[in-house]
Amino acid sequence: MSVLRYRRPAREWTEALPIGNGYQGAMLFGGVDTERLQINEGTAWSGSTASEQLPPMVTAEQARAVVDAARLALLEGAPEAAGAAVQGLQHRHSQAFLPFVDLSLRVSPAGSDTWHSAPDFYERSLDLGTATHETRWQRDGTEVRQTSFAGHPDRVLVHRLRAGRPVDVVVSLTSPLRTLGAPQPVGSGMLAILLQLPSDVLPAHDQAREPISWDSTPGAALRGAASVALLHDGQVVAGRDGTHAALTNVTTLDLVIATATTFQRTGCPPHGDEHDALARASAQLTGALERGVPAVRERQLADHRELFGRVSWEMDEPEPAEDSTGERLLAANAHPRGALAADPQLAVLLFDYGRYLLVSCSRRGGTPANLQGIWNDSMRAAWSSGFTTNINLQMNYWPAEVANLPETVPPLIELVETLSRNGRETARRLYGASGWVAHHNTDIWAYTQPVGQGRHEPKWAFWPFAGPWLVRHLHDHLAFGARSEPDPEQFARSTVWPVTASAAEFLLDWLVEQPDGSLGTVPSTSPENEFLLPDGGAAAVARSSTMDLSLTAELLQSLLDLAERLGQADDRLVDRARSALARIPAVRIGRAGGIAEWLDDLVAVDPRHRHQSHLYRLFPGTGLDEGLRAAASRTLDRRGDDSTGWSLAWRLALRARLGEPEAVSRLLALLFRDMATDRGPWSGGLYPNLFAAHPPFQIDANLGYVAAVAECFAQSHDGRITLLPAVPAEFGSGRIRGLVARPGVEVDLEWKQGPGGPELLAARLRALHERACGEHIVVHRGRQLSVRLGREFTELTGDLLDR
C-alpha cells in the first residue's frame with residue numbers, strides 16, 4: 001500500500017502533503033495546535049489576456065530589422081552580435097500562478113485556551129490509493145483525527161475533524177492576495193472571502209521596486225472568492241467579518257471548501273467581479289452540500305480509484321517497517337550505493353506518487369499542470385510557477401499516456417489550441433510568417449511572445465519552437481488511441497489537424513535555404529546552452545540547432561501521417577511539407593563522437609549542461625538508428641549523470657530508451673538523494689514530502705520519473721512493443737500491470753531478476769480500443785513475435801518470447 005507517513009507536523013512547505021482535484025490544490029501541514037490548509041485555485045493567475053498587449057510592443061518593422069540583423073551577423077561570423085540583435089524581439093514576461101487562501105483550525109480543549117501537555121501520540125499520512133490526508137494525535141486524554149480530501153466530481157475540498165472529547169475550534173480564512181472583505185451578510189455556518197488578484201507579477205529573477213502591480217480597472221485582473229461551509233455538533237460563539245468563526249464543544253466538524261475566480265477559459269478575458277466569483281463558488285458548495293459529505297466522499301473515492309487503480313507495480317522485495325517517509329529517505333541515503341540499494345520499495349512509492357500528483361493537478365475542465373502542479377505558496381514563486389515550454393510543461397505530461405491516464409491531457413490540449421490562435425498574430429508581427437508560434441514561457445492566458453524586456457539572455461529567451469514540441473502531445477494522444485476523447489477521429493480532424501497545419505505553416509515560412517540547398521533555421525538556439533567562440537568567449541545564437549531540425553522534421557512528418565489518415569494527402573500544404581522534409585539535415589555525429597548539438601558542430605561551453613535538447617529524437621521522439629544510438633550514449637557519458645531533478649528524469653528516460661539499465665541505476669541513486677544537504681543549484685533530489693527538487697521544487701521530475709520507469713518496462717515508439725528493455729537491478733523481481741503501449745495496448749508483466757538481468761515470466765496484452773486490435777510485433781531480448789490482439793487479454797509466457 002502506497003502511503004507517505006510522518007511522525008511530526010510539517011515545519012516547512014516541502015514537508016507538507018498535497019491533495020488536489022484538478023481545480024483546487026491544498027498543502028496540509030498536520031499541525032496540532034493549529035492545522036493549516038494552504039489552498040490553491042487552479043485559475044488564480046496574475047494578469048489577463050491584456051497582459052500580452054502591454055507596452056512596449058515590438059512592431060513588425062522593428063522585428064524585421066532584428067531578424068535581418070541577426071541573420072547578417074551570423075553570415076559575417078558574429079554570433080554575439082546576432083544574440084544582441086534577437087534581444088530586440090523580447091516583450092515583457094508571462095504571468096504568475098499565485099497562492100489563493102489559507103484555512104486554519106486552532107484546536108484547544110473545551111473551555112480552555114491551552115493544552116496541559118505535549119501530544120503523547122502523533123501521526124500524519126497521505127494515502128495515495130484513496131487520495132486522503134489524515135492526521136491523528138492524542139493530547140490530555142483527547143484523541144483528535146483530521147482527514148482531508150479533494151473531490152473532482154463535486155469540485156470541492158473537504159476537511160473533517162473528529163474528537164474523542166469536546167474541543168473548541170477557531171476557524172480562520174485568510175489570503176496573501178488583496179482582500180476585499182467578506183460578503184454581507186454571511187450566512188450562519190458559513191465563511192467567505194472576496195479577493196482581488198494582481199494585474200502583473202514580475203518573475204522572481206527580475207528586480208523591481210514594485211514587482212507586484214494591482215489594477216482595479218475591470219478586466220485588468222481576476223477577482224476571486226472562497227466559500228466554506230461549517231457542519232458541526234457544537235455551538236458558534238463568535239464570528240467577525242465573515243472570515244472567522246469560534247466553535248465550542250465540538251466533536252464532529254466538516255469543512256466543505258469551494259473556490260472560484262472570474263477566469264472563463266484559456267485565452268478569454270476575465271468576466272465579472274468578486275461577487276460573480278462568489279456565486280460560482282457558492283453554487284459548487286450548494287451542490288456538494290445537497291448531496292451530503294458522505295456522498296461527496298463516495299464520488300471522490302470512485303473517481304480517484306478509477307484512474308489511480310489502473311496501474312499497479314509490486315516488488316517481491318519485503319515492505320519496509322512503517323516509518324516516517326522523510327526519515328526513511330534519509331536512512332536509505334546512508335547506503336553507499338544509494339537509496340534504492342537499501343530501500344528499493346521507495347522506487348514504487350515515488351512511481352505511485354507521480355501518478356497521484358498528475359491525477360490531482362490536471363483534469364478536464366481545469367488548467368494544465370504548471371511548474372509546481374497546482375501547489376504554490378509564494379506570490380513570486382521560482383520562474384513564476386508558470387508553463388516553461390522548452391521541456392518542463394511537456395515533461396509533466398510524459399506519463400499521461402503510458403501510465404494509463406489520458407484523462408489528464410485535455411487541459412494541455414486546450415492550452416495548445418489557444419496558443420495556436422494567439423500565436424498567429426505573434427508569428428505575423430515578429431517573423432512575417434503565417435501559422436502560429438510560441439516561445440519559452442506561457443501562462444493561463446496563452447502568452448506567445450519572447451520574454452525578457454530586451455535584457456534577458458537569448459540562450460533561453462529566444463526559442464520559437466514551443467509549438468512543434470507541444471503539437472507532439474496531440475499526436476501522442478492520438479497515437480495511444482485518444483481514449484479520453486468522445487470521438488477520436490473527430491478529434492484528429494477538428495483539433496489536431498488545424499493546430500498541426502498552422503504550426504507547419506510557420507515552420508515552412510521560417511526555414512531558410514542554406515548554401516548546400518538544405519533548409520535550416522537562422523537564427524537558432526539550443527535551449528539553454530551556449531557554444532565557445534574562437535577567442536574563448538561564449539555565444540548562444542547560431543544556425544540550425546539539432547533540436548530545431550529534429551522538431552521540424554518530426555512536425556512535418558506528423559503532418560504527412562495525419563494527412564494520410566484523414567485523406568488529405570493531396571493538400572497543397574502537405575506537398576510543401578513533403579518537399580521541405582526531404583531537405584532537412586539529419587541528426588549527425590559530431591567531432592567528439594557524440595550527437596552534434598548544432599549543425600556546425602560547435603563546442604558547448606558546458607558539456608555537462610542540464611538540457612539534452614539535441615537528444616530529442618531519442619526521447620521523447622521516435623528514436624534513433626543503431627549508429628546514432630551509440631553516439632547518443634557517448635553524448636550522455638560526456639553530459640555526466642548529476643544534474644537538476646527534471647534533467648535526471650530526462651536522462652533516466654534517455655538511458656532507458658538506449659536499453660542501459662546500469663546507467664539507469666546510477667541516475668536513480670542521484671534522483672533519490674535527500675535534500676538535507678545543499679549541493680548547489682544544479683543538483684536535484686527529493687524533499688521530505690517526496691516533491692522533486694530542481695532545486696527548488698518543480699513537479700516535472702516527479703512526473704518525468706513515472707514516464708522513465710514505464711520506459712524501463714515497455715517501449716512502443718518504433719512500431720513494436722518491447723518488453724523489459726532497461727529494468728535496473730534495484731527493481732528486483734515483481735510484476736506491473738496497466739501500462740499502455742502504442743497504439744493503445746494494455747501491458748501486464750511479471751519478471752524475476754536473474755544473473756543476466758530481468759527474465760520475463762509472463763506478459764498479458766490486450767487492445768484497449770478497436771483501432772488497436774490486430775497484429776503486433778512483441779520484442780524481448782532482441783527476439784520478436786507477431787501476436788494478434790483483441791479486446792481480451794492474450795497471455796504470453798517468457799519461454800514463448802525467448803525461443
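Just so it is clear, the structure is predicted and the values come from calculations on it, not from any experiment. (Residues numbered from 1 in each chain as written. Predicted model: local features only at pLDDT ≥ 70, side-chain atom pairs only at ≥ 80, totals over all residues. Heavy atoms only, no water.)

Novice: Just to check I follow, could you spell out the overall build of the chain for this structure?
Specialist: Tallying secondary structure elements over the chain gives 20 helices and 33 strands in all. Expressed along its principal axes, the backbone C-alpha trace of the chain runs to roughly 85 × 65 × 55 Å. Carbon and sulfur atoms provide 49% of the accessible area of the chain, an area that totals close to 28000 Å². Charged side chains in the chain number 77 positive and 96 negative. The centres of these two groups are separated by 1 Å. (Helix = DSSP H or I, 4+ residues; strand = E, 2+ residues; numbered from the N terminus. Areas by Shrake-Rupley, 256 points an atom, 1.4 Å probe, with all protein chains shown as cover. Lys, Arg positive; Asp, Glu negative; His and termini not counted. Charge placed at Lys NZ, Arg CZ, Asp CG, Glu CD.)

Novice: What exactly am I supposed to notice about a nonpolar patch on the surface here?
Specialist: A surface patch of nonpolar side chains, about 210 Å² in accessible area, is lined by Leu532, Val603 and Val605. Along the chain, the position of Val603 falls in the loop between α15 (572–581) and α16 (626–639). Residue classification places Val603 among the partly exposed positions, given a relative accessible area of 36%. (Patch = residues over 30% accessible without salt bridge, like charges linked within 9 Å, V, L, I, M, F, W, Y side chains within 5 Å. Salt bridge = Lys/Arg side-chain N within 4 Å of Asp/Glu carboxyl O. Buried < 20%, exposed > 50% of the residue type's maximum accessible area, 1.4 Å probe, protein only.)

Novice: Looking at this model, I keep getting lost on the nonpolar core. Mind explaining?
Specialist: General note: in soluble globular proteins, nonpolar side chains tend to be found buried as a group. Trp313, Phe672, Tyr705 and Phe713 are the most contacted members of the largest nonpolar core, which has 230 residues in total. With sequence-adjacent residues up to four places away left out, Tyr705 is seen in contact with Trp313, Ala347, Leu350, Phe351, Ala649, Leu652, Leu668, Leu671 and Phe672. Val156, Val158, Leu285 and Val293 belong to the second-largest nonpolar core, a separate cluster that totals 12 residues. (Core = buried A, V, L, I, M, F, W, Y, C linked by side-chain atoms within 4.5 Å. Contact = heavy atoms within 4.5 Å.)

Novice: Please clarify how the packing of helix α12 (residues 466–479) against helix α13 (residues 488–510) should be interpreted in this entry.
Specialist: The description of two helices packed together rests on the angle between their axes and the distance between the axes. The geometry of α12 relative to α13 is characterised by a closest axis approach of 10 Å and an angle of 160° between their N-to-C directions. By the angle between their axes, α12 is roughly antiparallel relative to α13. In the crossing of α12 with α13, the sense of the turn from one axis to the other is left-handed. Across the interface between the two elements, Pro468, Val471, Leu474, His475, His477 and Leu478 of α12 pack against Pro488, Phe491, Ala492, Thr495, Val496, Val499, Thr500, Ala503 and Leu507 of α13. By residue class, the composition of the contact of α12 with α13 is 11 nonpolar, four polar and no charged. (Axes fitted to C-alpha atoms, helices over the stretch in contact; angles between N-to-C directions. Parallel < 35°, antiparallel > 145°, perpendicular 65-115°, else oblique. Left-handed = near helix turned anticlockwise from the far one by under 90°. Nonpolar A, V, L, I, M, F, W, Y, C, P; charged D, E, K, R; others polar.)

Novice: Which parts of the structure should I look at to understand the packing of aromatic side chains?
Specialist: The geometry of an aromatic ring pair is captured by two quantities: the separation of the ring centres and the angle between the planes. Across all of its chains, the model carries 24 aromatic pairs by this definition. An angle of 65° between the planes, with centres 6.2 Å apart, marks the rings of Trp398 and Trp650 as edge-to-face. Residue Trp398 is found in helix α9 (residues 398–402), and its partner Trp650 is found in helix α17 (residues 645–657); the two are separated by 252 residues along the sequence. Accessibility assignment for this pair places Trp398 and Trp650 in one class, buried. Considering the side-chain rings of Tyr431 and Phe506, the 5.7 Å spacing of their centres and the 65° angle between planes classify their relative orientation as edge-to-face. Within this pair, whereas Tyr431 is found in helix α10 (residues 410–431), its partner Phe506 is found in helix α13, the two being separated by 75 residues in sequence. Judged by relative accessible area, which is 12%, Tyr431 ranks as buried. (Phe/Tyr/Trp six-rings, centres within 6.5 Å; stacked < 30°, edge-to-face > 60°.)

Novice: Help me understand the layout of surface pockets, please; the structure alone is not making it clear to me.
Specialist: Vacant regions in the atomic arrangement are exposed by a probe of water-molecule size rolled over the atoms. The calculated volume of the largest pocket comes to roughly 850 Å³. His475, Ala479, Ser558, Asp561 and Thr622 are the residues nearest the centre of the largest pocket, which is lined by 27 residues in total. Counting only elements with at least two residues in the lining of the largest pocket, the list comes to α12 and α14 (546–566). When residues in the lining of the largest pocket are grouped by element, the largest group, seven residues, is from α14. (1 Å grid on protein atoms, 1.4 Å probe; cavity = no way out; pocket = protein on both sides within 12 Å on 5 of 7 lines; lining within 4 Å. Points joined across faces, edges and corners; volume = space filled by probe spheres on them.)

Novice: Quick question: what am I supposed to make of the sheet that holds strand β29 (residues 745–754) here?
Specialist: Two orientations exist for strands paired in a sheet by backbone hydrogen bonds: parallel and antiparallel. Here five strands make up an open sheet; going across it, the order is β17-β28-β29-β30-β33 and the pairing antiparallel. Because the sheet does not close on itself, it has two edges, and the strands there are β17 (312–315) and β33 (794–797). Each strand of the sheet is rotated relative to its neighbour by a mean of 20°, with strand direction disregarded. Examined bridge by bridge, strand β28 (residues 734–741) and β29 share six bridges and lie antiparallel to one another. Across the sheet, residue Arg735 finds its bridge partner in β29, namely Glu750. (Pairing = 2+ DSSP bridges.)

Novice: I would appreciate a short explanation of the environment of Ser484 in the present structure.
Specialist: One can find Ser484 in the loop between α12 and α13. On the accessibility criterion, Ser484 (14% relative accessible area) is buried. Considered as a pair, Ser484 and Glu35 are 449 residues apart in the sequence and their alpha carbons are 37 Å apart. Leaving out residues up to four positions away in the same chain, Ser484 has contacts with Arg364, Pro406, Glu407, Pro410 and His477. Within the local environment of Ser484, its side chain forms a polar contact with the side chain of His477, the two groups lying 3.1 Å apart. (Polar contact = N/O pair within 3.5 Å; in protein donor to acceptor, adjacent residues only side chain to side chain.)

Novice: For this particular structure, what's the right way to read the environment of Phe672?
Specialist: Looking at the secondary structure, you find Phe672 in the loop between α18 (661–671) and β24 (685–686). On the basis of relative accessible area, Phe672 is assigned to the buried category, the value being 1%. Apart from residues lying up to four places away in sequence, Phe672 is in contact with Leu329, Asn333, Ala339, Leu340, Leu346, Ala347, Leu350, Leu686 and Tyr705.

Novice: Honestly, empty space enclosed by the protein in this entry has me stumped. Any pointers?
Specialist: This model, assessed by the stated rule, comprises six cavities of 30 Å³ or more. Its boundaries defined by the atoms lining it, the largest cavity holds a volume of some 210 Å³. Lining the largest cavity we find 19 residues, and of these Tyr397, Trp398, Asp476, Phe480 and Arg742 sit closest to its centre. Elements supplying a minimum of two residues to the lining of the largest cavity: α9, α12 and α19 (700–713). For the lining of the largest cavity, the element with the highest residue contribution is α12, accounting for five residues. Grouping the constituent residues of the lining of the largest cavity by class yields 11 nonpolar, two polar and six charged. Put simply, the second largest cavity is a space of about 60 Å³. In terms of lining, the second largest cavity is formed by Gly20, Asn21, Ala131, Ala150, His152, Gln300, Asp303, His304, Val359, Ser360 and Arg363. At the level of secondary structure, the elements contributing two or more residues to the lining of the second largest cavity comprise α4 (293–308) and α7 (345–361). In the lining of the second largest cavity, the residues fall into three nonpolar, six polar and two charged.

Novice: What should I look at first to understand the side chain of Thr325 in this one?
Specialist: Tracing the chain through its elements places Thr325 in helix α5 (residues 325–332). Classification of Thr325 as buried rests on a relative accessible area of 1%. Those residues within four positions of Thr325 in sequence are excluded, and the remaining contacts are Val3, Leu4, Arg5, Tyr6, Leu349, Pro688 and Leu690.

Novice: Just checking my understanding: could you explain unusual backbone geometry for this structure?
Specialist: Comment: phi is negative for the bulk of residues other than glycine, and the bulk of peptide bonds are trans. The omega angle of the peptide bond from Pro55 to Pro56 is 0°, so this bond is cis rather than trans. Looking along the chain, the bond that leaves Phe619 and enters Pro620 is cis, with omega of 15°. Considering the arrangement of structural elements, one finds Pro620 in the loop between α15 and α16. Not every positive phi belongs to a glycine, and Asn249 is a case in point at roughly 55°.

Novice: How should the side chain of Arg657 be read in this particular structure?
Specialist: Its place among the elements puts Arg657 in helix α17. Note on Arg657: relative accessible area 2%, which makes it buried. Of the polar contacts made by the side chain of Arg657, one reaches the side chain of Glu711; its length is 2.9 Å. Look past the residues within four positions of Arg657 in its chain and what remains in contact with it is Leu618, Phe619, Pro620, Gly621, Gly623, Arg629, Glu711, Gln715, His717 and Arg742.

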